[in-house]
Amino acid sequence: MTDTLRVGALFPMVRSRASNYRLDTGGILRLHAFLMAIDEINDKSDGVHDWLLPQTRLEFVLRDSKRDPITALIGALEVVGTCSTGDSSSNGVVATVGAASSEPSKSAAQAFTRSRTPQISYSSTSAALSNGLDYPYFLRTPPSDAYQAKAMVDLLVGLWNYSAVATVATAGDTYSTAGMEVFFQHAEARNLTILASLSIAEQGDFSGAYRELRNSRARVIVLFCQRREAARFLGGAPANGVGGEGFLYMGSDAVAQESLWQDNEQIFENVTLRNAALKGFFGLQPSFNREADEYLSYVERLRLIPSTLPAPTDEAGSGVSGNCSNVTDADGRPVWWQEVEGEPLCIGVSDPSASNTYAPFAYDAIYAIARALHNVIYEQNVAVSGDA
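Only a predicted model underlies this, so the values are computations on that prediction, with no experimental measurement involved.

## Re the confidence of the model for the protein chain
Here is step 1: Across the protein chain, pLDDT averages 89, with 91% of residues at or above 70.
Here is step 2: Here residues 84-89 is a poorly scored stretch, pLDDT under 50, and it has 10 contacts once near neighbours within four places are set aside; other chains count.
Here is step 3: Taken as a whole, residues 313-321 scores under 50 in pLDDT and shows 12 contacts with residues more than four places along the chain or in a different chain.

## Quick notes on the packing of helix H1 (residues 25-42) against helix H10 (residues 293-303)
Here is step 1: Contact pair H1 / H10: the axes reach a minimum separation of 11 Å and the direction vectors enclose 95°. Considering their axes alone, H1 and H10 lie roughly perpendicular with respect to each other. Counting all contacts with H1, which are made through His32, Ala33, Met36 and Glu40, the residues of H10 involved are Tyr298, Arg301 and Leu302.
Here is step 2: Of the residues that constitute the contact of H1 with H10, the class distribution is four nonpolar, one polar and two charged.

## What about the packing of aromatic side chains?
Here is step 1: This model, assessed by the stated rule, comprises 15 aromatic pairs.
Here is step 2: Ring geometry for Phe206 against Tyr210: centres 6.4 Å apart, planes inclined by 85°, an arrangement best described as edge-to-face. Each member of the pair Phe206 and Tyr210 is classed as buried.
Here is step 3: Measuring from ring centre to ring centre gives 5.8 Å for Tyr358 and Phe361, while their planes differ by 45°; the resulting arrangement is tilted.

## Things to note about the sheet that holds strand S9 (residues 248-251)
Here is step 1: Ordered by their spatial adjacency, five strands build an open sheet running S7-S6-S8-S9-S10, and the pairing between neighbours is parallel. Edge positions in the sheet fall to strand S7 (193-200) and strand S10 (281-283), since each has one partner strand and no second. In this sheet, neighbouring strand axes are inclined to one another by 20° on average, regardless of whether the strands run parallel or antiparallel.
Here is step 2: Bridge count for S9 against S10 is three bridges, and the pairing is parallel. The partner of Met250 across the bridge, within S10, is Phe282.
Here is step 3: Lying on the sheet, helix H4 (residues 145-159) is in contact with strand S6 (164-170), strand S8 (220-224), S9 and S10; it crosses S8 at an angle near 175°.
Here is step 4: Sitting on the sheet, helix H5 (residues 174-189) touches S6, S7 and S8, and the angle it makes with S6 is about 160°.

Parameters and conventions
Residues numbered from 1 in each chain as written. Predicted model: local features only at pLDDT ≥ 70, side-chain atom pairs only at ≥ 80, totals over all residues. Heavy atoms only, no water. pLDDT = per-residue confidence, 0-100. Contact = heavy atoms within 4.5 Å. Axes fitted to C-alpha atoms, helices over the stretch in contact; angles between N-to-C directions. Helix = DSSP H or I, 4+ residues; strand = E, 2+ residues; numbered from the N terminus. Parallel < 35°, antiparallel > 145°, perpendicular 65-115°, else oblique. Nonpolar A, V, L, I, M, F, W, Y, C, P; charged D, E, K, R; others polar. Phe/Tyr/Trp six-rings, centres within 6.5 Å; stacked < 30°, edge-to-face > 60°. Buried < 20%, exposed > 50% of the residue type's maximum accessible area, 1.4 Å probe, protein only. Pairing = 2+ DSSP bridges.

Next comes the structure, spelled out in structure tokens:
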């Protein structure tokens, strides 16, 4: 007899009203990788880890976390079964994958700590989340920002022999503030002078920040920001006398993402501005061996996944044929049909195998849960349920 266990899933799919309900392509690509892993674990004859959980089937309970702390907390409460909003209640989970950004994961951790539910994030890298006393049930598959903050200082001082920098972080953001705190610690240890340390807000005016950077005479600027603020900051920098010839930008992994300009249409369409803003840019990202057989096989399997979007009826894309994917989660909620201001919206991407730094970490996160369950159930002979 096959037992069924539920896992939670917090992925950003459609942004909030403040972001004009824009599709979160990065979150959707990570969700595709997560769902492929679920299918592989449940398929005992596809040749991919068929030995894993031989008599156990995994179901998932999905909530859109929107990269928003409050939304992520509500979603976490719903998947662990302690909160009900309309038809959104669930029956409890053994573990949860998510959320994406560090601030939403920090917020969701309140619910998971209270319910003693393991939480594994695929892209929350803030060093603050490594505090086991504050976040005893939090784990992650990518490395902590503490490592990239140290690597930044190592590169600036040890490789390039810089002695002074300015820094820019997103105000009130766990990812940015915790990462910058570690950077300052290593900078002090290596006698790296901080000429100016600035915080910028998502909807703020950056003119003051540009002025302070000009006055500091810093030629090296370290950006430990969220992507949205970084895109706006870099986009406006050339016109404000910051960046360009003779400058070096050192960007954290959020700044170095391929989708840096995604949330700013004006900059996205202006190739000349992008080239000017990114002149002298160096960024860090978590790495994995893209030539490894395991990774290449993973990408090939992703390429076999059909698009969840209806296909255009003509080259101009003036109409669609076919239907949106009708896949649902364990609660019967549609995965690819999302409601936006009362109207249904079919979401997804045309190519689920498109490059995304953190999609493999989402894939690894559910496998980490499956391996842990396999150890407990089949090696230690301990019964597991979503109510435990």
